[in-house]
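Here's the letter readout for the chains.
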Amino acid sequence: MNERVYEIGLTVNGVPRSATAPARRLLSDFLRHDLGLTGTHVGCEHGVCGCCTVLLDGDPVRSCLTFAITVEGREVTTVEGLADPDGTLSPVQQAFQDSHGLQCGFCTPGFLCTVTALLRDNPAPTEAEVLEGISGNLCRCTGYQNIIKAVLSLSRGVSRTAQENGAGNATTQRGSGDHVR
Amino acid sequence: MFGEPIVRVEDPRLLTGQGRYLDDLGRGALAAAFVRSPYAHARITGIDVDGALDVDGLVAVYTWEDLPGRVGEPLPLLIPHPALTHGRTAYPLARDVVRHVGEPVVMVVARDRYLAEDAAGRIQVTYQPLPVVVGIEKSASAEYLVHDDVPGNVGAFLVQEVGDAPAAIDAAPHVLEFRLDIERSASMPLEGRGVYARWDADDESLRVYSSTQTSTSVRMAIAAKLGLPPAKVEVIAPDVGGGFGVKIVHPWPEEVLVPWAARLLNQEVKWAEDRREHFVSSAHERGQVQFVRVGFDDEGRVLGLDVKILHDHGAYTPYGIIIPIITSTQLLGPYKLGAYRAEVTSLYTNTLIVTPYRGAGRPQGVFCMERTMDRIAAHLHLDRIDVRAANLIQPDEFPYDQGLIFQDGRPLIYDSGDYPALLRKARDLIGWDSFGSLRAVATAEGRRIGIGFACYVEGTGVGPYEGGHVEVDSSGRVHVSTGLTSQGQGHQTVFAQIAAAELGVPISDVQVTTGDTRRFGYAVGTFASRAAVMSGNAIALACRRLKEKALRIAAEALEADPRDLEIADGQVYVRGNPSASIPLRTVAVLSNPLRYAFDEEAQRATQFATGSSPDEPPIAPGEEPGLEGKDYYSPVRSTFAAGAHAAIVETDPDTAEIRILRYAVVHDCGRLINPRIVEGQIHGGVAQGIAGALYEKMEYDSDGQLLNASFMDFLMPYATEIPRIEIDHLETPSPLNPLGIKGAGEAGVIPVSAVIASAIEDAEGFEISAMPISPDDLFRLRRH
Ligand code: FES
Ligand code: FES
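Everything numeric here is computed off the predicted structure, so don't read it as measured data.

Take the overall build of chain B next. Broken down by element type, chain B carries 18 helices and 29 strands. The C-alpha atoms of chain B give a radius of gyration of 28 Å, which matches the 28 Å a tight globule of 784 residues would have. C-alpha extents for chain B along the principal axes are approximately 90 × 70 × 50 Å. The buried share of chain B, taken over its 784 residues, is 63%. Within chain B, residue pairs in contact and separated by at least 24 positions form 80% of the contacts whose partners lie at least 6 positions apart. Accessible area for chain B stands at about 27200 Å²; split by element, carbon and sulfur atoms hold 49% of it. The positive charge centre, built from 72 side chains, and the negative charge centre, built from 105, are 1 Å apart in chain B.

Taken together, the 70 residues of chain A in the interface contact 68 residues of chain B. Of the roughly 5500 Å² buried between chain A and chain B on both sides combined, carbon and sulfur atoms contribute 55%. Applying the counting rule to chain A against chain B returns five salt bridges. Inspection of the region where chain A meets chain B yields 28 residue pairs in polar contact (both at pLDDT 80 or more). Looking at the side of chain A that touches chain B, its residues break down into 27 nonpolar, 30 polar and 13 charged.

Turning next to the pairing of strand β20 (residues 478-482) of chain B. Taken residue by residue, a regular strand's side chains alternate between the two faces of the sheet. Residue and element names in this part refer to chain B. Most of β20 is tucked away, with five of its five residues classed as buried. The alternating pattern of β20 places V478, V480 and T482 on one face and H479 and S481 on the opposite face, and all of these are buried. Between strand β19 (residues 466-472) and β20, which pair antiparallel one after the other, the connecting turn spans five residues, and G476 there sits at a positive phi close to 90°. Here β20 pairs with strand β21 (residues 510-514) via five bridges, running parallel. The residue of β21 that forms the bridge with S481 is T513. With helix α13 (residues 491-503) bridging β20 and its parallel neighbour β21, the resulting β-α-β unit is right-handed.

This brings us to the packing of aromatic side chains. All names here are of chain B. The final tally for this structure, using the stated rule, is 16 aromatic pairs over all chains. Seen from their ring centres, W64 and Y91 are 5.9 Å apart, and the 80° between their planes marks the pair as edge-to-face. Here the residue W64 occupies a position in the loop between β3 (58-62) and β4 (97-98), and Y91 occupies one in the loop between β3 and β4, the gap between them amounting to 27 residues. Assessed through its relative accessible area of 21%, W64 is described here as partly exposed. Judged by its relative accessible area of 24%, Y91 falls in the partly exposed class. With a centroid separation of 5.6 Å and 50° between ring planes, the pair formed by F406 and F640 is classed as tilted. A residue pair is termed long-range when its members are at least 10 positions apart, and F406 in the loop between β16 (400-405) and β17 (411-414) and F640 in strand β26 (residues 639-651) qualify at 234 residues. By the burial criterion, F406 is buried, and F640 matches it.

Turning our eyes to something else, we now look at the pattern of salt bridges. The final tally for this structure, using the stated rule, is 68 salt bridges over all chains. Between D23 of chain B and R32 of chain A there is a salt bridge whose closest N-O contact spans 3.4 Å. Linking D23 of chain B in the loop between α1 (11-15) and β1 (30-36) with R32 of chain A in helix α1 (residues 27-34), this pair reaches from one chain into another. Of the residues examined, D23 of chain B reaches a relative accessible area of 22% and is grouped as partly exposed. According to the relative accessible area criterion, R32 of chain A is buried, its value standing at 3%. Between R477 of chain B and D473 of chain B there is a salt bridge, with the nearest N and O atoms lying 3.3 Å from each other. Residues participating in the shared-partner salt-bridge network are R36, R113, E117, R193, E254, E273, D274 and E277 of chain B.

The subject of this paragraph is the packing of helix α2 (residues 91-98) of chain A against helix α5 (residues 145-154) of chain A. All names here are of chain A. Where α2 meets α5, the axes come as close as 8 Å, and the angle between the chain directions of the two elements is 130°. By the angle class used here, α2 and α5 are oblique. Handedness of the crossing formed by α2 with α5: right-handed. Counting all contacts with α2, which are made through P91, V92, A95 and F96, the residues of α5 involved are I147, A150, V151, S153 and L154. Residue classes in the contact of α2 with α5 are distributed as eight nonpolar, one polar and no charged.

With that out of the way, let us pick up the sheet that holds β20 of chain B. Residues and elements named next belong to chain B. Spatially, four strands are ordered β21-β20-β19-β25 in an open sheet, and the strand pairing comes out mixed. One side of each edge strand has no neighbouring strand; the edge strands of this open sheet are β21 and β25 (627-633). Neighbour-to-neighbour, the strand axes of the sheet open up by a mean angle of 15°, direction not taken into account. Against the sheet, α13 touches β19, β20 and β21, its axis set at about 130° to β21. Against the sheet, helix α14 (residues 531-558) makes contact with β19, β20 and β25, and its axis sits at roughly 145° relative to β25, the strand it touches most.

Residue and element names in this part refer to chain B. Following H250, the chain continues into P251 via a peptide bond in cis, with omega recorded as -15°. Cis geometry marks the peptide bond from M771 to P772, where omega comes out at 0°. With respect to the helices and strands, the residue P772 is situated in the loop between β29 (770-771) and α18 (775-782). Unlike most non-glycine residues, A528 shows phi in positive territory, near 55°. Note on placement: A528 falls in the loop between β21 and α14. The residue S529 is not glycine, and still its phi comes out positive at about 45°. Structurally, S529 can be placed in the loop between β21 and α14. Overall, the relative accessible area of 10% leaves S529 in the buried class.

Before going further, it helps to spend a moment on the pairing of strand β12 (residues 269-272) of chain B. All names here are of chain B. Alternating positions in β12 separate into two faces, V269 and W271 on one and K270 and A272 on the other, with burial throughout. Examined bridge by bridge, β1 and β12 share two bridges and lie parallel to one another. Along β12, the bridge assignment pairs L30 with V269. Relative to β12, strand β9 (residues 194-200) runs antiparallel, the two sharing four bridges. Looking at β12, one finds that Y196 is bridged to K270.

Calculation criteria
Residues numbered from 1 in each chain as written. Chains lettered and ligands numbered in written order. Predicted model: local features only at pLDDT ≥ 70, side-chain atom pairs only at ≥ 80, totals over all residues. Heavy atoms only, no water. Helix = DSSP H or I, 4+ residues; strand = E, 2+ residues; numbered from the N terminus. Rg over C-alpha atoms; globule rule 2.2 N^0.38 Å. Buried < 20%, exposed > 50% of the residue type's maximum accessible area, 1.4 Å probe, protein only. Contact = heavy atoms within 4.5 Å. Areas by Shrake-Rupley, 256 points an atom, 1.4 Å probe, with all protein chains shown as cover. Lys, Arg positive; Asp, Glu negative; His and termini not counted. Charge placed at Lys NZ, Arg CZ, Asp CG, Glu CD. Buried area = accessible area lost by both parts, 1.4 Å probe. Salt bridge = Lys/Arg side-chain N within 4 Å of Asp/Glu carboxyl O. Polar contact = N/O pair within 3.5 Å; in protein donor to acceptor, adjacent residues only side chain to side chain. Nonpolar A, V, L, I, M, F, W, Y, C, P; charged D, E, K, R; others polar. Pairing = 2+ DSSP bridges. Right-handed = clockwise from strand over helix to strand, strands pointing away. Phe/Tyr/Trp six-rings, centres within 6.5 Å; stacked < 30°, edge-to-face > 60°. Axes fitted to C-alpha atoms, helices over the stretch in contact; angles between N-to-C directions. Parallel < 35°, antiparallel > 145°, perpendicular 65-115°, else oblique. Left-handed = near helix turned anticlockwise from the far one by under 90°.

If you want it as structure tokens, here you go:
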């Protein structure tokens, strides 16, 4: 039984890339194993954890739920493509470092892609919008505290003092609903 | 440097996709996949691999029959204990009988993972189902047995005792009796386990990468299993995507089988666990039933506490009974009791093995003790914090001997702490005393809120030892290595902070390597909140040795007394005379008398350049070339961190939805190396605690099928479920180690279920005895 393979070409981080793979090859595996871009991680392979999030024509998608062959000819941005070519971290990457928004770093590429798109579409998210925006990404290490802080530090809508009070200052409420004070 | 909240040095790599996790390595390696048991208990009656043979790219198929000698023997029982009279471990591939869903039966190796899974899917294993034991009480009833030769399903029976608790309870003015239940959860790192092995046939050596919390011990285990000299086996923990306990277990079946196959096939082989595999073939924790009897006086002082613990350890006991040992000792918390007795029955079930998950038995112990404190307060109509305060060990009573034996085999002696201060701080932080008015406002609005509180003590930094090696090279770079592994704790940063502070060098000159047996062969591992305490102190001691040597060499070069020298910013200088100085890199050059100059700097150390005494050997007796220091830290016993948590929750009167409105932590882990990293550890721990209190449990049906073995159904919290965590610190240095530090890794998770139960109980006005609690559970409790 020999499986039929296809030449799959796409633009990754601005560079045209191609490799042969069978039709069932997931985009996550194609990026990681066929193209050697291992920055995109796989935490569940069933679309829940968000570790595998990449930008497809600018929009976040789960690369573990996408067949590589279906994105033939399209544009993919992975975590390897977020920093400047000279190595300067993107504002989102820098904010994650400054706020200690990562520990083991396994979920981080997915968060960075998600947040990059989030801030492009809404440069001034409120805390509720940030929560909503990252609520498709799991992190087992950080308890999300410093991820939220990192994103809010980039929000043009959030004042300095609110940021210094930390994410989720007393007047905002995680989850849904009311607050105590 | 030490004590500063600097940003992490590992981050730029991890933020740009340059991390190297297990499955990022070995791109050309063959892939392994496993056929795993779909039955919780069954006899294997046949394995037919024929269907797999025509899968393109298939390389090999192995069953237990194929495993030679020690490879086919049961996996080791890592921590024997006299009370574990009936320890049992699994074979790496099942032999005859499977005892939990997910147990590996057949190993397949193929060109890539897709093909390996194709082949695995075509292998037919036939089973004769056997009666299944699921649930602690079903196991205790011993109607059916998990192992034919383990009567009553009892693996271990353990008693911890100080004083005569039953008599003290009988004589007490007040007595309460109740039952508590805690469900299973799991570490659930976002990166699963994984192993990648390369055999070098020319060198007859093996290099193994494993996503493990202990590379040194994996190395010993593989060497023993494969009959290789340890010197021919290297094990490296690359970047590890979270551990939280599950990756301390070793060797996993795959850690034996993948290297074995790589050697046999003389090809690189890799296996990376997928999420479903992780749910059914790694490990779980927490499940216990506790029967509590407590006697106390009118002030709520505990005169006697007697706890019978039924602990579910799953199908096998590779990690011994560490969890119930910890539960039954750490249950005491910051309190001094009149008398105490804990009786643990550790039981087999046809479920996945149970091994430490962050907290490692402490959350259950703290749940028991803190629920007890709340029950006493309710019974006596006293304030819940006041009852706790009445039972606390006082600051002038340290070292305090609890009279038990801890998990390290040493006496349970608390080294230092200030528990009344912790209580006060937590009480203030959450606003305990003004909660009444807050509740009045809420009640007036038709809302239901409650406040909860809990304390814990955590034995951290358990032995036996860790080591550190530090070397300054001739360019002035400082290379630090230690054998234990990292899974996101920021060791590269905190160990560099320690080395930079000890040596007086800029932190940017320091590079830290962990978990690589090529760099450091002796280590124990990363667990029990021990890395900072153990390796941190070992590295500090190694730096002190290096510094002593550097000052000696510099003194000669500067013609000064070593006692007058200091190191700052990488320069050794004479105190009070900064112009008389020599860079550490030059000292490194001078420390190694050379014959050959390989660069300009090295010329200074060659035989015609040094101007050393012609009557002395170039290396003095007892000296070694090179500017290096190596030392070990081995503590007499654990150091005890502590904390108090408090929370305010709201429960919806109609839907029974539970929301955490505020969560406050006061934490004492001695001196802080990096407050930012410590807070990050607390955040993550609390989030896992909230997960275990409100969302996560392992739903086994009576056939032993794990019904929620995916992230769709196992409700790991997203950002939307975790409230803001407010933190305050107390710093009571440990007198046991040179740096005065205590562990912080697990602390956050420990009291959370107790706090949330306490708060829900306060909101609802009826007893909460089982965790986790879902809105559905709460709704049903209300109707009783
Ligand atoms: S790996 Fe794609 S969502 Fe988890
Ligand atoms: S940093 Fe480890 S999972 Fe998010």
